[in-house]
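A structural walkthrough
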There are 2 protein chains.
Amino acid sequence: MGTVSFRLGLLGVAQDALYASRLADLDLKPKHVALLCVLRLRGAESQMELAGLLGVAPSLIVLLADHLEERGAVQRVRDPADRRRQSLRLTDTGLHLLAAATEVAAQLDEELAAGLPPAEHAALSAALDHLLNGALERP
Amino acid sequence: MGTVSFRLGLLGVAQDALYASRLADLDLKPKHVALLCVLRLRGAESQMELAGLLGVAPSLIVLLADHLEERGAVQRVRDPADRRRQSLRLTDTGLHLLAAATEVAAQLDEELAAGLPPAEHAALSAALDHLLNGALERP
DNA sequence: CGCAATCATTCACGGCCTGCACGACCGGGG
DNA sequence: CCCCGGTCGTGCAGGCCGTGAATGATTGCG
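Please read these numbers as outputs of a predicted model, since none were measured by experiment. (Residues numbered from 1 in each chain as written. Chains lettered and ligands numbered in written order. Predicted model: local features only at pLDDT ≥ 70, side-chain atom pairs only at ≥ 80, totals over all residues. Heavy atoms only, no water.)

This paragraph deals with the protein's contact with DNA strand D. Taken together, 18 residues surround DNA strand D, and among them Lys29 and Lys31 of chain A together with Gln47, Met48 and Arg76 of chain B come closest. Taking all atoms of DNA strand D within 4 Å of the protein, the share assigned to sugar and phosphate is 69%. One nitrogen or oxygen atom from the side chain of Ser59 of chain A is found 3.1 Å from a base oxygen belonging to DNA strand D. Here Arg84 of chain A contributes a side-chain N or O atom positioned 3.5 Å from a base oxygen of DNA strand D. Contributing elements (two or more residues each) for the surface near DNA strand D: helix H4 (58–70) of chain A together with helix H3 (47–54) and helix H4 (58–70) of chain B. Per-class residue counts for the surface near DNA strand D are 5 nonpolar, 5 polar and 8 charged. (Near = heavy atom within 4 Å. Polar contact = N/O pair within 3.5 Å; in protein donor to acceptor, adjacent residues only side chain to side chain. Helix = DSSP H or I, 4+ residues; strand = E, 2+ residues; numbered from the N terminus. Nonpolar A, V, L, I, M, F, W, Y, C, P; charged D, E, K, R; others polar.)

This is the structure we're talking about:
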């Protein structure tokens, strides 16, 4: 089993579960962090667009946004041009929450880097960047 | 979000889902493949040990083994030394099934490598190897 | 001015995995 | 020799997550 995709899946799922457990204190899941990330990096015009970017059903965006809105991390604002759409705006508390979540991930990174030569760690980071950017620039 | 762990989780979960969908024809899930993999690479003395290696509950091993046994991919053999234990033996059809699953993963790899410089692909593979071996040699 | 299409939301359902309870089985101590 | 605590595999019920279909509001096209 020298395939990259399979091992990437295995490690990724494990890492996701681990990150989720570490995120329990913040009462967040990795999906929430992903949503905050997208909002910070590029923003989005509608929840539909977010669903497409995250690769999940629109109804899930509703739940994620609900939870984040309760915490005051995001604001739903009706698009005046098209009142069907809701744009999600990242608030200051949302930024702080994202920073806290990033801090948790950074600590996980240290543990991960402990069993990895620095050069490979950097190479891994670069490869993930390329794959992630490639996935987002598809459409 | 420059953290490796977070992006590894994102991509890994997506890759796992993608692999799962491609595996539908074989009526397998990635977890089944992981189980077959462990049996092929190192074997195990008991289902408990497998649960530990895969990081899942023992009761899940039962379900996975049930499914694989129905397909004739593995055989349950009582350990004569300790009749509580069941050793899972990989059969020839199990080997073929694993080969087919690996083939599916290999095709996914090609698609993955399309958006990645060959050097980074190799580096990614090496890094995943280190992390996976590190995780298995913990105990 | 309808009318089909689009967006957000709700809700019921299905799948996956876990935790617990149970029976079979082991090894040691009285 | 026989309990008795501990271990292993298994069955079962429950919880969580995410999806898909139905609903209502809103849009722009014909």
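Here the narrative resumes, following the displayed structure.
Right, let's talk about the interface of chain B and chain A for a bit. Accessible area lost during the coming together of the parts is what is often quoted as the interface size. Counting residues at the interface gives 41 residues for chain B and 41 residues for chain A. Note on chain B versus chain A: buried area summed over both sides is about 4,000 Å², and carbon and sulfur give 79% of it. At the boundary of chain B with chain A, the tally comes to 2 salt bridges. Of all the secondary-structure elements, those providing two or more residues to the side of chain B that touches chain A are helix H1 (4–22), helix H2 (30–41), helix H5 (92–114) and helix H6 (118–136) of chain B. Considering each element in turn, the side of chain B that touches chain A owes the most residues, 13 residues, to H1 of chain B. (Contact = heavy atoms within 4.5 Å. Buried area = accessible area lost by both parts, 1.4 Å probe. Salt bridge = Lys/Arg side-chain N within 4 Å of Asp/Glu carboxyl O.)

Attention shifts here to H4 of chain A. All names here are of chain A. Here H4 spans 19 Å end to end across 13 residues, near enough to the 18 Å set by a 1.5 Å rise per residue. Those residues of H4 lying buried are Ile61, Leu64, Ala65, His67 and Leu68. For H4, the buried positions fall inside an angular range of 160 degrees around the axis, keeping them on one side. For H4, the exposed residues set more than 90 degrees away from the buried face come down to Ser59, Leu63 and Glu70. (Expected span 1.5 Å × (residues − 1). Buried < 20%, exposed > 50% of the residue type's maximum accessible area, 1.4 Å probe, protein only. Arc of directions from axis to C-beta.)

Turning our eyes to something else, we now look at the protein's contact with DNA strand C. Neighbouring DNA strand C are 18 residues; Gln47, Met48 and Arg76 of chain A together with Lys29 and Lys31 of chain B lie closest to it. Here a phosphate oxygen of DNA strand C and a side-chain polar atom of Arg76 of chain A are 2.6 Å apart. Between a base oxygen of DNA strand C and a side-chain N or O atom of Ser59 of chain B, the distance comes to 3.1 Å. Among the residues forming the surface near DNA strand C, the class breakdown is 5 nonpolar, 5 polar and 8 charged.

What follows covers the relation of the copies chain B and chain A. For the match of chain B to chain A, the screw axis carries a shift of 0.0 Å, the RMSD comes to 0.0 Å, and the turn is 180 degrees. The transformation relating the two chain copies, once decomposed into turn and shift, fits a two-fold axis. Of the C-alpha atoms belonging to chain B, the one lying closest to the rotation axis is found on Gly12 of chain B, 1.8 Å away. (Least-squares fit on C-alpha atoms with pLDDT ≥ 70 in both.)

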